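Residue-level structure breakdown
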Amino acid sequence: MSYEPIFALFWERVKQSIEDKTFAKLTLAKTIGDTEIKNVYVRPVLLQNDVMKMSVISRFKTEETESFYSLEETYPILFSLINKPFLSALLFTSEQDVVFKLNKKRAGSITEQAPTFLNPSDVILEMKAKGI
């Protein structure tokens with residue numbers, strides 16, 4: 001079974017958390033083997049004219065890069081990194097943590113845990129205050 005439908009469900013949870021103003025951050029972790037890229041962190045940012053973009057920070061062994069994408073553009077970028085090289089994606093919200101994992105057979109699953117963060121990200125709080 002492909003993990004794509006499960007990751008798509010996970011992504012729906014990401015979009016819902018932004019809409020509900022509970023999103024704290026998103027992290028890709030647990031790489032396969034010794035890879036150049038170590039982590040990917042995703043957070044919302046407000047650009048000029050209060051336009052929300054997603055900051056995608058890629059942490060490598062020797063450097064860090066940051067790129068900005070729309071929410072729709074972020075999905076294929078993150079999906080391309082699942083299984084090559086990341087085995088998990090963690091969505092942190094103020095209501096719960098949602099974890100997407102691939103097992104050894106590359107089957108995807110989603111689990112929920114108590115929230116790590118009690119508050120949404122500062123940008124989400126700012127968007128809520130501005131009614132965005």
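For the structure itself, consult the block above.
Let me begin by describing the structure that accompanies this report. (Residues numbered from 1 in each chain as written. Predicted model: local features only at pLDDT ≥ 70, side-chain atom pairs only at ≥ 80, totals over all residues. Heavy atoms only, no water.)

1. Some thoughts on a nonpolar patch on the surface
The condition that has to hold: Patch membership requires over 30% relative accessible area and the absence of a salt bridge. Like charges are linked within 9 Å, and nonpolar side chains (Val, Leu, Ile, Met, Phe, Trp, Tyr) within 5 Å. Exposure was quantified through the Shrake-Rupley algorithm and a 1.4 Å probe, taking into account, for residues, occlusion by the shown protein chains and nothing else. Just to be clear on terms, a salt bridge is a Lys or Arg side-chain nitrogen sitting within 4 Å of an Asp or Glu carboxyl oxygen. Put simply, DSSP H or I for four residues or longer makes a helix, DSSP E for two residues or longer makes a strand, and each gets a number counted from the N terminus.
Together, L47, V51 and F68 line one region of the surface with nonpolar side chains, adding up to about 240 Å² of accessible area. One can find F68 in strand 4 (residues 64-69).

2. Comments concerning the nonpolar core
Filter applied, for reference: To qualify as a nonpolar core, a set must consist of buried Ala, Val, Leu, Ile, Met, Phe, Trp, Tyr and Cys residues joined through side-chain atoms within 4.5 Å. The cut-offs for exposure are 20% and 50% of the maximum accessible area for each residue type, with area from a 1.4 Å probe on protein chains only; residues under the lower value are buried, those over the upper are exposed, and the others partly exposed.
F10, V40 and F100 are the most contacted members of the largest nonpolar core, which has 32 residues in total. At the level of secondary structure, the elements contributing two or more residues to this core comprise helix 1 (4-19), strand 1 (23-31), strand 2 (37-47), strand 3 (51-60), helix 2 (71-81), strand 5 (86-93), strand 6 (97-102) and helix 3 (122-130). Ranked by the residues each element gives to this core, the list is headed by helix 1, at six residues.

3. Here we look at the pairing of strand 5
Where we set the bar: At least two bridges found by DSSP between two strands is the condition for calling them paired.
Extensive coverage of strand 5 is indicated by the burial of seven of its eight residues. Two strands pair when backbone bridges link them, and strand 1 and strand 5 are joined in this way by seven bridges, in the antiparallel orientation. Considered in strand 5, the bridge of A29 is made with S88. As judged from the five bridges shared by strand 5 and strand 6, these two strands associate in the antiparallel manner. Bridging from a neighbouring strand, S88 pairs with K101 of strand 6. Counting the residues between successive antiparallel strands, the hairpin from strand 5 to strand 6 contains three residues.

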